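# Coordinate inspection notes
The primary structure of each chain is shown beneath.
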Amino acid sequence: MERVAHLVRIRNLHKQYGSYSVLRGLSMDIEKGDVYGFLGRNGCGKTTTMNIITNIIPKDEGEIIIGDGKPVKIGYLPESPVIYGYMTSREYLEYIAACCNYSGDVTRRVNEVLDIVGLTKAADRRAKGYSRGMTQRLGMGAAIIGDPELLIFDEPTSALDPEGRAEVISIIERLKGMGSTIVLSTHILSDVERVANRIGIMKDGVLAEEGRLSDVLLKHAGSVVYLRVRGLTDDLKIKLLTVYYARAEFNDITGTFRFGTDSPEECSRRLIRLLADNEAAAEELKIGTATLEEVFRKVVD
């Protein structure tokens, strides 16, 4: 059996603020080369975990092992990076390289990073004139300038327009192709599906779900039943949404019901009986594969 190369191992991590326990025995593993989608609702402990990993705040209890015991460089992008607006991006990256004691050819490394984050043409413009997306990309450049072994991105696409989001995700895909290990915390689950190979979903201070993205989606496959009804009436629509199933939604555009269920076969049988009792018939009834959004809602609800 191939040995798994863990870069980060966390066991039984606890953190409390006053009387409130944020982390309640968190255990998780991040493997070398992972793009790890770190998910959960606001306040579940994601940022606290990342701040502990980066030594911004101390843990109360538990164990964190990073690498093989030798010092590991970590690059961190907070949700809203603060950039010195009077500097150009080239000057700012040179400054950050000096702060992290980068020992290589700084000029060459700065040019490499400017290319990676797509700021080569704006390299000598003052950052105060940058858009939100450009500022975020410069923050990513600052995170990677020291050639870290672990990158932590906290909501990197927050408040960006679609073009800015696409640019940031393209950078993450490029870093992934270069073999970087990345922890990606975001509420935009479609971004996670695009770039992550493993995910962890937090709930109540612990991981409620963790594993390879493909395995997690397969585990929850068949948790959704889709239904379209021939000749749907308002009365039957209300029954389907409120009488039969608690986790039901209706798409007015496609005319499709979506039912979240732990037993899709039983759900399908009950739907057929309900339609028959109301002298209606199914135009389409099928069991669907779960999306990450559906898995997330199922896990955290």
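Definitions and cut-offs
Numbering of residues starts from 1 in every chain and runs along the sequence as written. Whole-chain, interface and lining totals are the exception, using all residues; otherwise, since this is a predicted model, local features are given only for residues with pLDDT of at least 70 and side-chain atom pairs are given and counted only at 80 or more. Here the side-chain values reflect all heavy atoms present in the structure, with hydrogen atoms and water set aside. To qualify as a helix, a DSSP run of H or I must reach at least 4 residues; to qualify as a strand, a run of E must reach at least 2; elements of each kind are numbered from the N terminus. Think of it in three bands: residues with accessible area under 20% of the maximum for their type are buried, residues over 50% are exposed, and the middle band is partly exposed, with areas taken using a 1.4 Å probe on protein chains only. We call two residues contacting when some pair of their heavy atoms lies within 4.5 Å. Strands pair, by our definition, only if DSSP identifies at least two bridges between them. Angular values range over 0 to 180 degrees, each being the angle between N-to-C directions of two axes fitted as lines to C-alpha atoms, with helices fitted over their stretch in contact. One speaks of a salt bridge when a side-chain nitrogen belonging to Lys or Arg is within 4 Å of a carboxyl oxygen belonging to Asp or Glu. Residues adjacent in sequence count toward polar contacts only when both atoms are side-chain atoms; beyond that, a polar contact is any pair of N or O atoms within 3.5 Å, and within protein one must be able to donate a hydrogen and the other to accept it. By nonpolar core is meant a set of buried Ala, Val, Leu, Ile, Met, Phe, Trp, Tyr and Cys residues that side-chain atoms within 4.5 Å join together. Should an angle fall under 35 degrees it is taken as roughly parallel, and over 145 as roughly antiparallel, whereas 65 to 115 is taken as roughly perpendicular and any remaining angle as oblique. In this scheme, a crossing is called left-handed if the near helix is turned counterclockwise away from the far one by less than a right angle; it is called right-handed if the turn is clockwise. Residue type decides the class: Asp, Glu, Lys and Arg count as charged, Ala, Val, Leu, Ile, Met, Phe, Trp, Tyr, Cys and Pro as nonpolar, and the leftover types, Gly among them, as polar. Paired rings are identified among Phe, Tyr and Trp, the last through its six-membered ring, by centres lying within 6.5 Å, and are further divided according to the angle between planes into stacked (under 30 degrees), edge-to-face (over 60) and tilted (the rest).

### Observations regarding the environment of Leu13
Within the secondary structure, Leu13 is located in strand 1 (residues 6–17). Assessed through its relative accessible area of 0%, Leu13 is described here as buried. Considered as a pair, Leu13 and Gly62 are 49 residues apart in the sequence and their alpha carbons are 4.2 Å apart. In contact with Leu13, other than residues within four places in its own chain, are Leu23, Arg24, Gly25, Leu26, Ile52, Lys59, Glu61, Gly62 and Ile64.

### Examining the sheet that holds strand 11 (residues 248–251)
In any sheet, the strands associate via hydrogen bonds between backbone groups, in a parallel or an antiparallel arrangement. Strand order in the open sheet formed by four strands is 11-12-10-13, with antiparallel pairing between adjacent strands. Each having just a single partner strand, strand 11 and strand 13 (281–288) make up the two edges of the open sheet. When the angles between neighbouring strand axes are averaged without regard to direction, this sheet yields 20°. Here strand 11 pairs with strand 12 (residues 256–260) via four bridges, running antiparallel. When the sheet's bridge partners are listed, Glu249 is paired in strand 12 with Arg258. Each of strand 10 (224–230), strand 12 and strand 13 is contacted by helix 9 (residues 264–277), which is oriented at about 170° to strand 13, the strand it contacts most.

### Examining the pattern of salt bridges
According to the stated counting rule, one finds 26 salt bridges in the structure shown. Of the charged contacts, one joins Lys15 and Asp60 as a salt bridge, the two residues approaching to 3.7 Å between their closest N and O atoms. Taken together, the positions of Lys15 in strand 1 and Asp60 in the loop between helix 1 (46–53) and strand 4 (61–66) put the pair 45 residues apart, joining distant regions of the chain. Among the residues examined, Asp60 registers a relative accessible area of 42% and is labelled partly exposed. Where Arg194 meets Glu173, a salt bridge forms, and the shortest distance between an N and an O atom there is 3.0 Å. Placement of the pair is Arg194 in helix 6 (residues 189–195) and Glu173 in helix 5 (residues 162–177), with a sequence separation of 21 residues. Exposure remark for Arg194: the relative accessible area of 43% places this residue in the partly exposed category. Assessed through its relative accessible area of 30%, Glu173 is described here as partly exposed.

### Some words on the side chain of Thr181
Position of Thr181 relative to the elements: it lies in the loop between helix 5 and strand 7 (182–185). In this structure the side chain of Thr181 is engaged in a polar contact, spanning 2.8 Å, whose partner is the backbone nitrogen of Gly33. Not counting residues up to four positions away in its chain, the partners in contact with Thr181 are Leu7, Ile30, Glu31, Lys32, Gly33, Asp34, Glu149, Leu150 and Leu151.

### Digging into the nonpolar core
Judged by nonpolar contacts, the single largest core of 51 residues is most densely connected at Phe153 and Ile172. At six residues, helix 4 (residues 132–144) tops the list of elements feeding residues into this core. If sequence neighbours within four positions are ignored, Phe153 has contacts with Leu77, Met140, Ala143, Ile172, Leu175, Ile182, Val183, Leu184 and Ser185. One finds Ile10, Ile30, Phe38 and Leu150 within the second-largest nonpolar core, a separate group that totals 23 residues.

### So, the packing of helix 2 (residues 89–99) against helix 3 (residues 106–116)
Direction vectors running N to C along helix 2 and helix 3 enclose 125°, while the axes themselves pass 10 Å from each other. When the axes of helix 2 and helix 3 are compared, the pair comes out oblique. As helix 2 runs across helix 3, the sense of the crossing is right-handed. Here helix 2 contributes Ser89, Arg90, Leu93, Glu94 and Ala97 to the contact with helix 3, which in turn contributes Val106, Val110, Asn111, Val113 and Leu114. Along the lines of polarity and charge, the residues of the contact of helix 2 with helix 3 split into six nonpolar, two polar and two charged.

### Some thoughts on the pairing of strand 12
Looking down a regular strand, the side chains alternate between one sheet face and the other. Counting buried positions along strand 12 yields five of five residues, so the element is predominantly enclosed. The side-chain alternation of strand 12 yields two buried faces, one formed by Thr256, Arg258 and Gly260 and the other by Phe257 and Phe259. Sheet analysis places strand 10 next to strand 12, joined by four bridges and oriented antiparallel. Bridging from a neighbouring strand, Tyr226 pairs with Arg258 of strand 12. The antiparallel hairpin formed by strand 11 and strand 12 contains four residues in its connecting segment, where Gly255 sits at a positive phi of about 70°.

### Re the packing of aromatic side chains
Under the counting rule described, the total for this entry stands at six aromatic pairs. For the ring pair Phe257 and Phe259, a centre distance of 5.9 Å and an interplane angle of 15° mean the geometry is stacked. The same class applies to Phe257 and to Phe259, which are both buried. These aromatic residues form a ring-pair network of at least three members: Tyr84, Tyr86, Tyr92 and Tyr95.

### Concerning the sheet that holds strand 6 (residues 150–154)
Taken in spatial order, the six strands of this open sheet run 5-6-7-3-8-9, and their pairing is mixed. Unpaired on one side and paired on the other, strand 5 (74–77) and strand 9 (206–212) mark the two borders of the sheet. Adjacent strand axes in the sheet meet at a mean angle of 15°, parallel and antiparallel pairs treated alike. Both strand 3 (residues 35–39) and strand 8 (residues 198–203) contribute to a ladder of four bridges, which runs parallel. Residue pairing across strands places Gly37 opposite Ile199, the latter belonging to strand 8. Packing against the sheet, helix 1 makes contact with strand 3, strand 5, strand 6, strand 7 and strand 8, and its axis sits at approximately 150° to strand 6. Contacting strand 3, strand 8 and strand 9, helix 10 (residues 292–300) crosses the sheet at an angle of about 30° to strand 8.

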